[in-house]
Amino acid sequence: MPRNFKLNLPATGSFTGPQVMVRAVLGILLAANLIAAGFAFHVFDASPEALTQQLTAAIGQRQTEQARLVRSRLLTANIQKGKTEGETFLANYMTSRRVTYSTIIGELTETAKAAGMEKPGATIALEPIPGTEDLDMMSVSLNLEGNYAQLVKFVNLLDRSARFLIIETLTVAPRAKTDTLTVNVKLDTFVRDDKGGIS
């Protein structure tokens, strides 16, 4: 093995020669062709089968989202309907606190009068309902006197009342040696607060 060897490098000007430039351009074109072939044969991206699977998955996800949107719209419509019906129910069947005493007592008095019963007196209690800010429960204890037919008529009239009245208890005691019954009716109804003060 020789101790001295000499590396023959081309001269500096030979890198800019026409042959070198042609080789460089051919090398660049070859690299560009290889990259284009890689894209053409899906070397760098997904295969047609993978793209088909992705498309199928995307269509399935879109259908799922559409079904979820339809369910959400249906639930929203049902909630709005329930809210509207609830507000209508409160407006129609719940008495405003500002006029509740006169309204309820007046209606009970008229009902007892229509049934032919006497109304000696009534007591009223108003209690807040836990969990609500604008509803209270009003309990009315009503003492009446009348016969059996009048009592049945009174209960039927209460049942057909436009107000939301609940008969909690009905206590009947016959008066000695007469057809007269002493009746105590405890009624519950609900009162809404219109935030307008109590008159």
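Refer to the structure above for everything that follows.
An account of the accompanying structure is given in this report. Just so it is clear, the structure is predicted and the values come from calculations on it, not from any experiment.

What counts and what doesn't
- Residues numbered from 1 in each chain as written.
- Predicted model: local features only at pLDDT ≥ 70, side-chain atom pairs only at ≥ 80, totals over all residues.
- Heavy atoms only, no water.
- Helix = DSSP H or I, 4+ residues; strand = E, 2+ residues; numbered from the N terminus.
- Buried < 20%, exposed > 50% of the residue type's maximum accessible area, 1.4 Å probe, protein only.
- Contact = heavy atoms within 4.5 Å.
- Areas by Shrake-Rupley, 256 points an atom, 1.4 Å probe, with all protein chains shown as cover.
- Expected span 1.5 Å × (residues − 1).
- Arc of directions from axis to C-beta.
- Polar contact = N/O pair within 3.5 Å; in protein donor to acceptor, adjacent residues only side chain to side chain.
- Core = buried A, V, L, I, M, F, W, Y, C linked by side-chain atoms within 4.5 Å.
- Patch = residues over 30% accessible without salt bridge, like charges linked within 9 Å, V, L, I, M, F, W, Y side chains within 5 Å.
- Salt bridge = Lys/Arg side-chain N within 4 Å of Asp/Glu carboxyl O.
- Axes fitted to C-alpha atoms, helices over the stretch in contact; angles between N-to-C directions.
- Parallel < 35°, antiparallel > 145°, perpendicular 65-115°, else oblique.
- Left-handed = near helix turned anticlockwise from the far one by under 90°.

### A look at the overall build of the chain
The helix and strand tally for the chain stands at 4 helices and 5 strands. When the helices and strands of the chain are listed from N to C terminus, the series reads α-α-β-α-β-β-α-β-β. The buried share of the chain, taken over its 199 residues, is 18%. By sequence separation, contacts in the chain at least 24 residues apart represent 64% of the contacts at least 6 residues apart. Carbon and sulfur atoms make up 61% of the accessible area of the chain, which amounts to about 14800 Å² in all.

### Concerning helix α4 (residues 148-159)
Helix length check: α4, at 12 residues, gives a terminal C-alpha distance of 17 Å against a target of 16 Å (1.5 Å per residue), a fit within 8%. Among the residues of α4, Leu-151, Phe-154 and Leu-158 are the ones counted as buried. What you see down the axis of α4 is that its buried residues fit within an arc of 60 degrees, all on one side. Facing away from the buried side of α4, by more than 90 degrees, are the exposed residues Ala-149 and Asp-159. Those residues of α4 that are buried lie in contact with α3 (100-115), β3 (135-146), β4 (166-174) and β5 (181-192). For α4, the N-terminal cap is Asn-147; the gap from its side-chain oxygen to the backbone nitrogen of Ala-149 is 3.2 Å.

### Structural notes on the nonpolar core
Ranked by internal contacts, the top residues of the largest apolar core, which has 18 residues, are Leu-108, Met-117, Leu-144, Phe-154 and Val-183. If one sorts the elements of this core by residue count, β5 sits on top with 5 residues. Excluding anything up to four places from it in sequence, Phe-154 contacts Leu-108, Thr-111, Ala-112, Ala-115, Met-117, Leu-142, Leu-144 and Val-185.

### Considerations on a nonpolar patch on the surface
Taken together, Val-22, Val-25, Leu-26 and Leu-29 make up a surface patch of nonpolar side chains, about 370 Å² in accessible area. Along the chain, the position of Val-22 falls in helix α1 (residues 18-40).

### Details of the pattern of salt bridges
What the rule picks out here adds up to 3 salt bridges. A salt bridge links Glu-65 to Arg-68; its shortest N-O distance comes to 3.4 Å. Of this pair, Glu-65 and Arg-68 both sit in helix α2 (residues 48-93), 3 residues apart, which is roughly one turn of the helix. For Glu-168, the salt bridge goes to Lys-186, with nearest N and O atoms at 3.7 Å. Here Lys-186 lies in strand β5 and Glu-168 lies in strand β4, a separation of 18 residues in the sequence. Classification of Glu-168 as partly exposed rests on a relative accessible area of 41%. Looking at Lys-186, the relative accessible area reads 30%, which means it is partly exposed.

### So, the packing of α3 against α4
Between α3 and α4, whose axes approach to 8 Å, the crossing angle comes to 140 degrees. With respect to α4, the axis of α3 lies oblique. Crossing geometry of α3 relative to α4 is assigned as right-handed. Taken together, the residues of α4 that come into contact with α3 (itself represented by Leu-108, Thr-111, Ala-112, Ala-114 and Ala-115) are Gln-150, Lys-153, Phe-154, Leu-157 and Leu-158.

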